[in-house]
Each structure stands twice: as structure tokens, then as C-alpha cells.
Amino acid sequence: MTVLKAQLGDITELNVNAIVNAANESLLGGGGVDGAIHRAAGPGLLSECRALNGCTTGQAKITQGYKLPANHVIHTVGPVWHGGNCGEAELLASCYQESLKLAARYQVKTIAFPCISTGIYGYPANQAVEVAIRSVKDFLNDQPHQMDEVIFCCFSENDYQIYLSALTT
Ligand code: ADP
């Protein structure tokens, strides 16, 4: 059984096999969690990202973790919230599924996700959390993997409370 849990804290400090980055299409760094990950990983991460030629929304690409405690960073590009009728939920679900597919290919056992799209990209946290939990559960039930633990790493108390109640219902 894979453990799904919410944790409050900074994703760059987590000692897991892989952390997921809520990146933008350039994969060349940005604000929010993306900036924090690049700062903590150091310049090696940006050089590897330059060679990836970006990433489209809903897809994911993997790099090493450099100075991070995590061995890998999985970069995924969440959708910008445009009101909910522009395929946002499907694209967000795809971020989780594509990230987990890559993780499984790299034999990742422990992985942490930030609350993708809920910062600068404006996705309402309640709805994003529903999509996140459903997509992860679907993947774990339907696909081959070696995952022991999936952590939803929350940077705010508010997001943490939303995950806690969603995970217990
Ligand atoms: P997006 O552009 O996908 O909205 P953001 O980085 O703006 O990405 O926000 C995504 C989520 O990451 C938000 O919930 C934000 O609070 C959170 N976040 C920001 N910094 C960190 C961090 N160091 N660790 C974990 N989560 C973080």
C-alpha cells in the first residue's frame, strides 16, 4: 500500500527520491516554488533545464536534484486558471499523472508534490486539491509503480487544512 499524506513545509528541504516542480513552459526558472527549487539546487539545475527545450502544459520532464536532498526534480507545467472551462482540470490531472509516470520509470519510491497551479497560476486551492488527490489515486490504482509514499507538500496552513480534510474523506 502506498501512503498518501499532507505535510506542511518547504519542498526543497524534503528528503525524498523526487520532488515535483510547478514550472513554466520555458523550464528556465521563475517565481514561487520554481524559484525556490532553482535557488536550493544551484546552477547545475538550470544548465540541465536549458537542454530540455521547455515543456508544454500538462507534461513533465525529469532532471537530477543537484544540491537538493532529493535525487530528482520532476518539472511539470500546470494550467493557468481561466475560470475552469478551458480544460484546466484535465491539464492539472495530466500534470500529476505524467509526473508519476516519469517517477515510476525512474523507480522512485518517495515523491513530494507542491500544490501545482494554485500560486501565480490562480487555480482555486479547493478544486486543485480534489484533482490532485483523485489523479494520484487513479495512477496508483491503475499503473505499475514502486511508490511507497506520496507527499502533498503544503506551503500554507490553509492548503494543509484543505488536504487534511480531503484525505480523510
Ligand atoms: P504556479 O505557477 O503553478 O501557480 P507557484 O509556485 O506560484 O506555482 O505556486 C504553487 C504552490 O507552491 C503554491 O501553493 C505555493 O504556495 C507553493 N510554494 C511556494 N514555494 C514553495 C516551497 N518552497 N515549497 C512548497 N510549496 C511552495
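Being a predicted model, the structure only gives us computed values, none of them experimental. (Residues numbered from 1 in each chain as written. Predicted model: local features only at pLDDT ≥ 70, side-chain atom pairs only at ≥ 80, totals over all residues.)

**With respect to helix α4 (residues 125–142)**
As a reminder, the rule being used: For the purposes of this entry, the term helix denotes a DSSP run of H or I that reaches at least four residues, the term strand denotes a run of E that reaches at least two, and both are numbered from the N terminus. What a helix is expected to span follows from its residue count: subtract one and scale by 1.5 Å. Exposure in this text rests on C-beta crowding, where 20 or more other C-beta atoms within 10 Å of a residue's own make it buried, 12 or fewer make it exposed, and counts in between make it partly exposed. The C-beta atoms are placed from the backbone. When we speak of the arc, we mean the arc of directions from the helix axis to the C-beta atoms. By the criterion used throughout, residues are in contact when their C-beta atoms, derived from the backbone, lie within 7 Å.
Between its first and last C-alpha, α4 extends 25 Å over 18 residues, near the 26 Å set by a 1.5 Å rise per residue. Of all the residues in α4, the buried ones are Ala-128, Val-129, Val-131, Ala-132, Ser-135, Val-136 and Phe-139. Burial along α4 is one-sided: seen end-on, the buried residues are contained in an arc of 165°. Seen from the open side of α4, the exposed residues pointing more than 90 degrees away from its buried face are Asn-126, Asn-141 and Asp-142. Each element contacted by the buried residues of α4 is listed here: β1 (3–8), α3 (88–105), β5 (110–113), β6 (149–154) and α5 (157–167).

**A word on the UniProt feature "domain: Macro" (unreviewed entry) in the chain**
We count it as follows: UniProt positions are given in the numbering used here, feature names are shortened, and annotations may be inferred rather than shown by experiment.
In the numbering adopted here, UniProt assigns the feature "domain: Macro" (unreviewed entry) to residues 1–169. Overall, residues 1–169 shows 38% helix and 20% strand. The separation of its end C-alpha atoms is 18 Å.

**Concerning the site of the ligand**
Selection rule: Here, nearness means that the C-beta atom of a residue, built from backbone geometry, sits within 6 Å of the molecule or strand in question. Lys, Arg, Asp and Glu make up the charged group, whereas Ala, Val, Leu, Ile, Met, Phe, Trp, Tyr, Cys and Pro make up the nonpolar group; the residues left over, Gly among them, are polar.
The environment of the ligand is made up of 21 residues, and the closest members are Ala-22, Gly-32, Gly-119, Tyr-121 and Phe-155. A total of four residues in the shell around the ligand trace back to one element, the largest contributor, which is helix α1 (residues 32–41). Per-class residue counts for the shell around the ligand are eleven nonpolar, seven polar and three charged.

**Overview of α5**
Residues Asp-159, Ile-162 and Tyr-163 constitute the buried set of α5. Down the axis of α5, the smallest arc covering the buried residues is 95°, so these residues share one side. Set apart from the buried face of α5 by more than 90 degrees, the exposed residues are Glu-157, Asn-158 and Ser-165. Tucked into the core, α5 has its buried residues touching β1, α4 and β6.

**Digging into the packing of α3 against α4**
Helix packing for two helices is described by the angle between their axes and how far apart those axes are. Keep this limit in mind: Here the axes come from fitting lines to C-alpha atoms, over the contacting stretch only for helices, and the angles between their N-to-C directions go from 0 to 180 degrees. Roughly parallel means an angle under 35 degrees; roughly antiparallel means over 145; roughly perpendicular covers 65 to 115; every other angle is labelled oblique. The hand of a helix crossing depends on one turn: near helix anticlockwise from the far one by less than a right angle means left-handed, and clockwise means right-handed.
For the pair α3 and α4, interaxial distance at closest approach is 9 Å and the crossing angle is 40°. One way to sum up the angle between α3 and α4 is to call them oblique. Considering the relative orientation of α3 and α4, their crossing is right-handed. In this structure, α3 contributes Ala-89, Leu-92, Ala-93, Tyr-96, Gln-97 and Leu-100 to the contact, and α4 contributes Ala-128, Val-131, Ala-132, Ser-135, Val-136 and Phe-139.

**Quick look at the nonpolar core**
Condition: By our criterion, buried Ala, Val, Leu, Ile, Met, Phe, Trp, Tyr and Cys residues that link up through C-beta atoms within 7 Å make up a nonpolar core.
Formed by 49 residues in total, the largest nonpolar core has its most connected members in Ile-19, Ile-111 and Ala-112. No other element matches α3, which puts seven residues into this core. Here Ile-111 is in contact with Val-16, Asn-17, Ala-18, Val-20, Ala-103, Met-147 and Val-150, once residues within four sequence places are set aside.

**Brief notes about the sheet that holds strand β3 (residues 60–64)**
Spelled out, the test is: Two strands pair under a simple rule: DSSP has to find at least two bridges between them.
Strand order in the open sheet formed by six strands is β1-β6-β5-β2-β4-β3, and the pairing between neighbours is mixed. The open sheet terminates on both sides in strands that have one partner only, identified here as β1 and β3. In this sheet, adjacent strand axes meet at a mean angle of 25° when their direction is disregarded. Pairing between β1 and β6: six bridges, direction parallel. Residue Leu-4 lies in a different strand from β6, and its bridge partner there is Val-150. Strands in contact with α3 are β2 (18–23), β3, β4 (72–77) and β5; relative to β4, the strand with the most contacts, it is inclined by about 155°. Each of β1 and β6 touches α5; the most contacted strand, β1, lies at about 160° to it.

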